[in-house]
Amino acid sequence: MTYRELLHAVSEGDVDSVRRMLHPDTDLNRAPGTTPLYRAAVNGDHEMVRLLLEYGADPDRPSGGRDEGLPLCAAASWDHGEVVQALLDGGADANAAEGGGWTALLWCAAQGHLRSADVLLDAGADPDAADEEGTTPLTAAARFGAYGIVWSLLEHGADPARPDGAGETALDIARRWSRTDLEAELREEVTRHAEPGWAVMVARGHADDGTELITAEARDAKGDGFRTARQRGHAAITILLEEALGLRTPATELVARAAPYRDVDEDGETWWAAVHALQKRHDDETFEAAEELCDSGDPLDREFAVDVLAQFGYDAKDRPFRDRSLAILRRLARTEPEPGVVDALLCAIAHHADPEALPEVLEIVDRPGHRPSRKDAMALAAVLPPDDEEGLARLVRLTEEDDAEVRDWATMGLAGLDADTPRIREALAARLADRDITTVAEAVRGLADRGDRRAIDGIHRVLSETDDDYARDLALDGATRLGLDIETVIR
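Just so it is clear, the model here is predicted, and its values are computed rather than measured.

A.B. asks: I'd like a description of the pairing of strand β5 (residues 225-231), backed by residues and values.
C.D. replies: Relative to β5, strand β4 (residues 212-219) runs antiparallel, the two being bridged by 7 bridges. For A218, the partnering residue across the bridge sits in β5 and is F226. Taking the residues between adjacent antiparallel strands as the criterion, β4 and β5 are bridged by 5 residues, where G223 takes a positive phi near 95°.

A.B. asks: Go over the packing of aromatic side chains, please, and point to the residues and values.
C.D. replies: Evaluation of the coordinates by the stated rule reveals 5 aromatic pairs. Centroid distance W102 to W107: 4.9 Å. Interplanar angle 50°. Geometry classified as tilted. Accessibility expressed as a relative area gives 26% for W107, which makes it partly exposed. Measuring from centroid to centroid gives 5.4 Å for W271 and F304, while their planes differ by 85°, and the two rings are edge-to-face. On the criterion of sequence distance, the pair formed by W271 in helix α15 (residues 269-279) and F304 in helix α17 (residues 299-310) is long-range, its members being 33 residues apart.

A.B. asks: Run through the environment of E338, naming residues and quoting values.
C.D. replies: Mapped onto the fold, E338 is located in the loop between α18 (322-333) and α19 (339-352). For E338, a relative accessible area of 34% translates into the label partly exposed. Between the C-alpha atom of E338 and that of L300, which follows or precedes it by 38 residues, the distance is 9.7 Å. For E338, the contacting residues outside a window of four places in its chain are P299 and R302.

A.B. asks: Describe the nonpolar core, listing the residues and the values that go with them.
C.D. replies: Formed by 148 residues in total, the largest nonpolar core has its most connected members in V18, L52, L87, L120, F304, L395 and L414. When residues in this core are grouped by element, the largest group, 8 residues, is from α19.

Procedures and definitions
- Residues numbered from 1 in each chain as written.
- Predicted model: local features only at pLDDT ≥ 70, side-chain atom pairs only at ≥ 80, totals over all residues.
- Heavy atoms only, no water.
- Pairing = 2+ DSSP bridges.
- Helix = DSSP H or I, 4+ residues; strand = E, 2+ residues; numbered from the N terminus.
- Phe/Tyr/Trp six-rings, centres within 6.5 Å; stacked < 30°, edge-to-face > 60°.
- Buried < 20%, exposed > 50% of the residue type's maximum accessible area, 1.4 Å probe, protein only.
- Contact = heavy atoms within 4.5 Å.
- Core = buried A, V, L, I, M, F, W, Y, C linked by side-chain atoms within 4.5 Å.

Such coordinate-based values are descriptive only and should not be taken to indicate function.
Below, the structure is given as C-alpha cells:
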C-alpha cells in the first residue's frame, strides 16, 4: 500500500479497501500534505472518519495541503454533523482554532450550520471564543441571520453584550441587517464578483431553523463562479437579543417587526419569537397592550394579540392572567370574522383548556361556511366535558372528515378524553380501517387505554404497514397496555 493509494481509497469512500490497507503501525499523521482524516472529514464520511480514528489518526492535527486546516473545522464548515460528532467522540478539541483563530463553532455560525453548531455546543465549545479580529460566534451568526444558532448560543451562555473587533454588538448587526433589502444586497455582492457574460441567479429556500435562506450565485458557462448566502432571521435575532439584554420593545413595534415574515418563515419563526417575548413578561402593562391589539382594525394585530394571550404569563407559578385572557378570547371568538384570527382563537382556547369556552368553540365549528381543520379538533378535545353529548357528537363528526389531518387530530383528541363510553369506543373502532395509518395508531391508543381488545387488529396493521416511529410507538404502547407479548406482536 502506498500513501497515495490510501488517500485515493479514502477519497472514494471505499471503507473496505481502507480497512484492508490499515494496520496498527500505519502512520496516518504524516506531513506535509493532506491527511486521510481531513479528506474524510471534508467528504462527510463519518464511517471512514471513525475507522481512521480507530487506527490512530490525530483529530487535532492540521492537514498540510493548500488552504487546509483542522478536520473538525472542515467538517463544521461543510455542515457534516455526523463527522463533527465522530471527531469529538475521537477526542477532537471542540475549541481548537486554525488560521486566524477560527474555531469550528465560528465556521458554523458564519455559515448558518445549525446542526453542527448544536453538536459543538453540547460538547463544550466556548460560545464566546472569538477569532483574532474579535468576531464572536454570536456576531457572526447575527450577520448571517442564523436565528437558530443565535438562540442556541444564548442558551449555552453566550454574552449578548460582547462586541466584535469593530465595536459592534450582535444586536447592532442584527438591527442593521433587518433594515436591509437582503436579496438586493446579495445580488449586488455576486455581481461585483461576476465577469461579463456571467449569469446571476437568486434562489430561496428555508434553513434548518425555518427562516428563509436566500442564495445568490454568479456563474460562467462552465458552472464556475461565486456564491453567497444569508438567512432572513435578522428580525427574529433582534427580538431574541433585546430580550436577552432586558430591553422592553413595545408590543406594537414587535408585531410590526414580525408581520412581514408571517408567510416567509417556514413555521412563523419570527412571529413566534415576538409572541414569546411578550408572553414571558406577564405584567399588567403588556397584558393591556395585548388587549388593545385585540380591538385593532388590522387582522394581523388581532391574530398576534390572540397568540400572545394564548399562554400569557404561563411561566408564572399561578398563571395570574388566565381568567382575564380567557374572557377576552371568548368575547372575540363570538364576533371574529377573519379565518386566520379564528384559527388563532381556537388554538388559544385549546391552550387554556377551560370547559366554559365550549359554547364559543361549538359556535365556530358550526358556523356556515366554516372549513374544518385540525384546530377545531384541538379546541374541542381541550374544552369538552366528559358528559357533554353535543360536543362529543361534533368531535366524532370530525373523525369522519375527508381531510386526513382533521381525522387524525380528531381521533387523537377523542382517544385522549377522560370519558369511556360506548359511543367513544365505537367511534375509535371505526377508525381502525382508516386509510391514514397515523389515524389508525391514534385509535389504537384510545382503545387500548380503555382495555378494548379490538385495538389488536389495529396494532398488527400499524406494525405491518408503516415504519413511522410515532405510529409504531403508539401501537407498541397499546400492545403493552393490553398485556400482549411484544416480541410476538412484532413478528
